[in-house]
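# Summary of structural features
Chain by chain, the residues:
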Amino acid sequence: MHIVPESEIAGLVSRADCFDAVEKVFAATARGAAVNFPVIRESLGHADALYGFKSGFDRDSLALGLKSGGYWPHNSARGLTNHQSTVFLFDADTGRCRAVVGGNLLTALRTAAAAAVSVKHLARPDAEVLGILGAGHQSAFQLRAVAEQRRFRRVIGWNRHPAALSRLQSVADDLGLPFEAVDLDRLGAEADVIVTIVSSYAPILTAAQVRPGTHLACMGTDTKGKQEVEAELVARATVFTDEIVQSITIGECQHAVARGLIGETGISELGAVVNGTHPGRRSAEEITLYDGTGIGLQDLAVAAAAVDLAIRKGVAIEVDV
Ligand code: NAD
């Protein structure tokens, strides 16, 4: 069995590796070759922690395993990341544990890769203005990954606490793109692509604020009750997701479905667009919305890529179990 420590991930896996792995696994999911198993997520009644695991199997790549972890809100006081996760991979032929992989950085990279895959397949080719709603830990990864998908000329951003936008400013500086902090009206009116990546339990961006032709990647809603955009905006858009079951239960679509504004049949898998069985965007005026809920298969795909690279570069630790 191999161990790939968290500290090695940054030097091993590139954004391009993650993009490829996530795009392939979305395609496999839409073809029925890869399946996510039911998600477990429980409150521990200790340390105010939420713990769970996401698992699945991809018959194409033979990635089998789970990501285990959750949210420990008091970790930051200990100098640790609040979100903690570890990926366990198993040999699909024997069931033996194949690898244990640090999952914290991989989670940020795979989440950003999913948004980037949605932008590649759904945003207008002439998109020039990238809007980011949110300035937390994930937002910097989102900006870097999505910025690679179109010839963006500038970045605009909104956050509940504007001071935190300095995080996006410094990434934009690094990318050589001008950055401006804006209000929500300007974000919706000027952006061609909008990534939402906040932890909110009430809608922030409204349907009236978003103009025709926009592509939205809603990435922050991954739990029952969370919400980033008005349900009316979801209803107005052509909606895609990583997995429909998650989208309607824990994703951004949960609210529009609960209010009867859209049905399950109105949501398509992004993988179908990757495979060419769904045309994706049909006009320059259409609003497309990707509901990125985060699936276990994404974690397995990027972790498997990390293990292959770690073995090749001689940094995987081999142990007997
Ligand atoms: P973070 O704690 O670093 O940042 C939180 C962000 O949400 C900040 O921008 C903050 O200002 C904003 N925010 C918090 N409460 C708000 C409110 N009530 N109204 C408006 N803004 C509010 O978190 P992060 O690590 O950047 O994660 C952001 C979100 O993405 C979380 O909801 C997290 O669970 C989710 N996430 C999703 C996936 C996925 O696969 N879809 C993966 C990782 C994280």
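Because the structure is predicted, anything quoted here is derived from the model rather than measured.

### What to know about the layout of surface pockets
Roughly 280 Å³ of volume is contained in the second largest pocket. For the second largest pocket, the lining is made up of 17 residues, of which Asp20, Ala21, Lys24, Ser61 and Ala301 are closest to its centre. Sorting the residues of the lining of the second largest pocket by element identifies helix 2 (15-31) and helix 11 (296-313) as the ones contributing at least two each. For the lining of the second largest pocket, the element with the most residues is helix 2, which contributes seven residues. For the lining of the second largest pocket, the residue count by class is eight nonpolar, one polar and eight charged.

### Quick notes on the domain arrangement of the chain
Segmenting the chain into domains produces domain 1 (2-107 + 297-318) and domain 2 (124-294). With centres defined by C-alpha atoms, the gap from domain 1 to domain 2 works out at 24 Å. Each partner contributes to the interface: domain 1 provides 14 residues, whereas domain 2 provides 18 residues. For the pair domain 1 and domain 2, the two sides together bury roughly 1300 Å², of which 54% comes from carbon and sulfur. On the domain 1 side of the contact with domain 2, Arg15, Phe26 and Ala30 bury the most area, a combined 37% of that side's loss. Connecting domain 1 to domain 2 are one salt bridge. Arg15 is paired through a salt bridge with Glu148; the nearest N and O atoms lie 2.9 Å apart. Counting every contact that joins domain 1 to domain 2 gives four residue pairs in polar contact (both at pLDDT 80 or more). Per-element accounting of the side of domain 1 that touches domain 2 gives the leading share, eight residues, to helix 2. Considered class by class, the residues forming the side of domain 1 that touches domain 2 number six nonpolar, three polar and five charged.

### Some thoughts on the confidence of the model for the chain
On average, residues of the chain carry a pLDDT of 97, and 100% of them reach 70 or more. Per-residue pLDDT, averaged within each element of the chain, yields its smallest value for strand 3 (residues 40-43) (91) and its largest for strand 11 (residues 193-196) (99).

### Notes on helix 2
Here helix 2 is 17 residues long and its end C-alpha atoms lie 24 Å apart, about the 24 Å a rise of 1.5 Å per residue gives. Restricting attention to buried positions, one finds in helix 2 the residues Cys18, Phe19, Ala21, Val22, Glu23, Val25, Phe26, Ala27, Ala28 and Thr29. Gly32 occupies a position one or two residues after helix 2 and carries a positive phi of about 85°.

### Describing the environment of Cys18
By the secondary structure assignment, Cys18 is in helix 2. Owing to a relative accessible area of 1%, Cys18 belongs among the buried residues under this scheme. Linking Cys18 and Ala306, residues 288 residues apart in sequence, is a C-alpha distance of 9.2 Å. The residues touching Cys18, leaving out its near neighbours within four places in the chain, are Val13, Leu109, Ala113 and Val302.

### Structural notes on the pattern of salt bridges
The tally for this structure, following the rule as stated, stands at 15 salt bridges. Arg211 is the salt-bridge partner of Asp192, the closest N and O atoms lying 2.6 Å from each other. Linking Asp192 in the loop between helix 6 (184-190) and strand 11 with Arg211 in the loop between strand 12 (201-205) and strand 13 (215-218), this pair joins segments that are 19 residues apart in sequence. You can call Asp192 buried: its relative accessible area is 4%. Beyond isolated ion pairs, a larger network of salt bridges with shared partners links Arg124, Asp126, Asp192 and Arg211.

### Some details on the sheet that holds strand 8 (residues 129-133)
Reading across the sheet, the eight strands line up as 10-9-8-11-13-17-15-16 and stay open at both edges, with parallel pairing between neighbours. Lying at the two open borders of the sheet, with one neighbouring strand each, are strand 10 (179-181) and strand 16 (267-269). The sheet shows a mean angle of 20° between the axes of neighbouring strands, direction not considered. With four bridges joining them, strand 8 and strand 11 adopt parallel strand pairing. Among the inter-strand pairings, Leu133 is bridged to a residue of strand 11, identified as Thr196.

What counts as what
- Residues numbered from 1 in each chain as written.
- Predicted model: local features only at pLDDT ≥ 70, side-chain atom pairs only at ≥ 80, totals over all residues.
- Heavy atoms only, no water.
- 1 Å grid on protein atoms, 1.4 Å probe; cavity = no way out; pocket = protein on both sides within 12 Å on 5 of 7 lines; lining within 4 Å.
- Points joined across faces, edges and corners; volume = space filled by probe spheres on them.
- Helix = DSSP H or I, 4+ residues; strand = E, 2+ residues; numbered from the N terminus.
- Nonpolar A, V, L, I, M, F, W, Y, C, P; charged D, E, K, R; others polar.
- Domains from an automatic or database assignment.
- Contact = heavy atoms within 4.5 Å.
- Buried area = accessible area lost by both parts, 1.4 Å probe.
- Salt bridge = Lys/Arg side-chain N within 4 Å of Asp/Glu carboxyl O.
- Polar contact = N/O pair within 3.5 Å; in protein donor to acceptor, adjacent residues only side chain to side chain.
- pLDDT = per-residue confidence, 0-100.
- Expected span 1.5 Å × (residues − 1).
- Buried < 20%, exposed > 50% of the residue type's maximum accessible area, 1.4 Å probe, protein only.
- Pairing = 2+ DSSP bridges.
- Axes fitted to C-alpha atoms, helices over the stretch in contact; angles between N-to-C directions.

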